[in-house]
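A closer look at the structure
Next come the chains, spelled out residue by residue.
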Amino acid sequence: MLSAIVLDKPTLLNYNDDYFGKILSWRNLKFEQIRRLYKIHGFDQYNNLVDINTIFSTTPWGMPRDRTQTIYSPLKFKINRPWQIPTIELSLKKCIELRVQQILSQNKKINICWSGGQDSTALLTGFLKHTNDLSQLRVLYSPFSQYEHPEYLNFLKKFSGLELVDISGDVYLNVQFDGIFVTGDGGDEFMASIDESFIEKFGIEKLHAPWADLFYQHIPNDNFIEFCQHYFALSGKEINTVLEARWWFYVSCKNQQIWANSLEMFFDYPNFSPDMVIPFYDCAEFENFIYWNLDQIIPGPAYCDWKRILRQYCYEFDGLEDWYLNKQKTSSQQLVYYRYKKIILKNQRFIYLLDDGTRIATKNLPLLSQIEFDNTHGTTLDYLFNDPR
Amino acid sequence: MTLNTKFFKIKLIKEFLDAVAHQHQDFLDEMMIYGTDPVVVQRRFRMLGQLAEYEAQMIQKIADFESEDANDFSFTTTSLRKELYALCNRAG
């Protein structure tokens, strides 16, 4: 069921989950918090998506945002790219090239957020390969980027004209860069977001087992399994294994929220708009590659085989063997902490972020009372909620 | 009966200042332990400054905060603790 969108009002890009439970209580919505997720009474199909998330992750967070637009959701979220079944197949090289050219054609300064991880290094490689004028690029890095990929900074220094900026210290707080920002967001989700806790708990071989067995172990309910069958069919692909189910769930429900969090770093920019942060992998081009090549997500039996294809793409360009062979996923927490600190110190706390860039706040965040919220916003934001059925 | 918010406010600011003082002391201790490492010392100086900035910001907000619901104050203690932890994290 498609939730009705009020056309003349902005929809929701992101919410701050510190205040979300409180807002639900104020709206008299019954809910149950599961770790950092909410099940909300009256939204059964949406609650099923929450259940899928808790099966896949030991620390799930953030509400599922259904790209197929078939699930009745408690909130009116903006969906950047509604799901469309890919019809053409691209190779990895081709899809990265197309994506890079698409971003370059905006003719703006491009700030590449390089964390040293696999996604951001692969996208940076793409830009280095396909940019004619390297002065259009600016690489933003931190000491942790060097920690994750020790040899790469020296490699980057060989390119004359390429601007390298260390954003540690106070730079991330006080310097405003011009142009647009490209992040590696979407890389995890489009590659099935295989987190280490899942592998530790079940082992890699579980990824290739039938999904229905795993789901039934957790939630022995035939209606739930039937819901999943219907939902997975919307992918246009046959979903049999846990890996395929994971891929579909993260692509269809989870790919937008991390990007929305990245936006918080730029609240204080005078021309703040959601368009200024581009999640590199969240695009039709990359979808056209990965949809047909799910076997490339984790081709080997070890955790470090995950995303090997991205590392191979880098290795063919930079020849840095050690990183290619041994790198495995780590969460790049430093930028997350930069973000938190900046929000706190610059007093940019928020309750909601809307798709026109409006930040919904009250003057005393994080001390938030209903009286204060009502005085500032009244009932003007009620339309963001759907009523339970 | 109106709620005595002054009591909750004083309790909140006491808990907040205790937690901040604890962090101040931690930074100071680390500065002494890593006294020969100029990078760490510089970072701790910066973090002490940031912590003081946050402290001033929050004291003003707690003073301005009005609510008739005691739950608002208990909720706030948890969220302030989370913020303080994020602000004082050594990874950033």
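Let me begin by describing the structure that accompanies this report.

What counts and what doesn't
Residues numbered from 1 in each chain as written. Chains lettered and ligands numbered in written order. Predicted model: local features only at pLDDT ≥ 70, side-chain atom pairs only at ≥ 80, totals over all residues. Heavy atoms only, no water. 1 Å grid on protein atoms, 1.4 Å probe; cavity = no way out; pocket = protein on both sides within 12 Å on 5 of 7 lines; lining within 4 Å. Points joined across faces, edges and corners; volume = space filled by probe spheres on them. Helix = DSSP H or I, 4+ residues; strand = E, 2+ residues; numbered from the N terminus. Nonpolar A, V, L, I, M, F, W, Y, C, P; charged D, E, K, R; others polar. Expected span 1.5 Å × (residues − 1). Buried < 20%, exposed > 50% of the residue type's maximum accessible area, 1.4 Å probe, protein only. Contact = heavy atoms within 4.5 Å. Buried area = accessible area lost by both parts, 1.4 Å probe. Salt bridge = Lys/Arg side-chain N within 4 Å of Asp/Glu carboxyl O. Polar contact = N/O pair within 3.5 Å; in protein donor to acceptor, adjacent residues only side chain to side chain. Pairing = 2+ DSSP bridges. Right-handed = clockwise from strand over helix to strand, strands pointing away. Axes fitted to C-alpha atoms, helices over the stretch in contact; angles between N-to-C directions.

**Thoughts on empty space enclosed by the protein**
Residue and element names in this part refer to chain A.
- Within the structure shown, the criterion is met by one cavity of 30 Å³ or more.
- Within this model, the largest cavity holds a volume of roughly 40 Å³.
- Taken together, Ser115, Ser142, Phe144, Ser145, Glu148, Ser332, Gln333, Gln334 and Leu335 make up the lining of the largest cavity.
- At the level of elements, helix H5 (143-148) and helix H17 (333-345) are the ones that each hand at least two residues to the lining of the largest cavity.
- Among the residues forming the lining of the largest cavity, the class breakdown is two nonpolar, six polar and one charged.

**Observations concerning H17 of chain A**
- If you check H17 of chain A, its first and last C-alpha atoms are 18 Å apart, about what 13 residues at 1.5 Å a residue would give, namely 18 Å.
- All of the buried residues along H17 of chain A are Gln334, Tyr337, Tyr338, Arg339, Lys341, Lys342, Ile343, Ile344 and Leu345 of chain A.
- Close packing links the buried residues of H17 of chain A with H5, helix H7 (171-174) and helix H13 (257-262) of chain A together with helix H2 (38-64) and helix H3 (70-87) of chain B.
- Of the residues one or two after H17 of chain A, Asn347 of chain A is the one with positive phi, at around 60°.

**Side note on the interface of chain B and chain A**
- Tallying the contact residues gives 28 residues for chain B and 27 residues for chain A.
- Across the chain B/chain A interface, buried area totals approximately 2400 Å², and carbon plus sulfur atoms make up 56% of it.
- The closest approach of N and O atoms between Arg349 of chain A and Glu83 of chain B, which form a salt bridge, is 2.8 Å.
- Where the side of chain B that touches chain A is concerned, the elements lending two or more residues are H2 and H3 of chain B.
- In terms of residue class, the side of chain B that touches chain A is made up of twelve nonpolar, seven polar and nine charged.

**Section: the side chain of Gln334 of chain A**
- One can find Gln334 of chain A in helix H17.
- In this structure the side chain of Gln334 of chain A is engaged in a polar contact, spanning 3.2 Å, whose partner is the backbone nitrogen of Phe144 of chain A.

**Quick notes on the layout of surface pockets**
Residue and element names in this part refer to chain A.
- Put simply, the second largest pocket is a space of about 370 Å³.
- Every residue lining the second largest pocket is counted, 17 residues in all, and those nearest its centre are Asn80, Trp259, Asp275, Val277 and Pro279.
- Residues of the lining of the second largest pocket, tallied by class, amount to eight nonpolar, three polar and six charged.

**Some words on the pairing of strand S5 (residues 137-141) of chain A**
Residues and elements named next belong to chain A.
- Of all five residues in S5, five are buried, a share of seventy percent or more.
- Relative to S5, strand S4 (residues 110-113) is paired through four bridges, and the arrangement is parallel. Note on S5: the bridge partner recorded for Cys113 is Leu140.
- Between the parallel elements S4 and S5, the chain passes through helix H4 (residues 118-130) in a crossover that is right-handed.
- Inspection of the sheet shows S5 paired to strand S6 (residues 163-166) by four bridges, in the parallel sense.

**A word on the sheet that holds strand S8 (residues 277-279) of chain A**
All names here are of chain A.
- Taken together, the five strands give an open sheet; going across it, the order is S6-S5-S4-S7-S8, and neighbouring strands pair in parallel fashion. Two strands lie at the open edges of the sheet, namely S6 and S8, each paired on one side alone. Strand-to-strand twist in this sheet, taken as the mean axis angle between neighbours without regard to direction, amounts to 25°.
- Two elements, S4 and strand S7 (residues 180-183), share three bridges in a ladder whose sense is parallel.

From the geometry alone we can't say anything about function, so treat these as descriptive.
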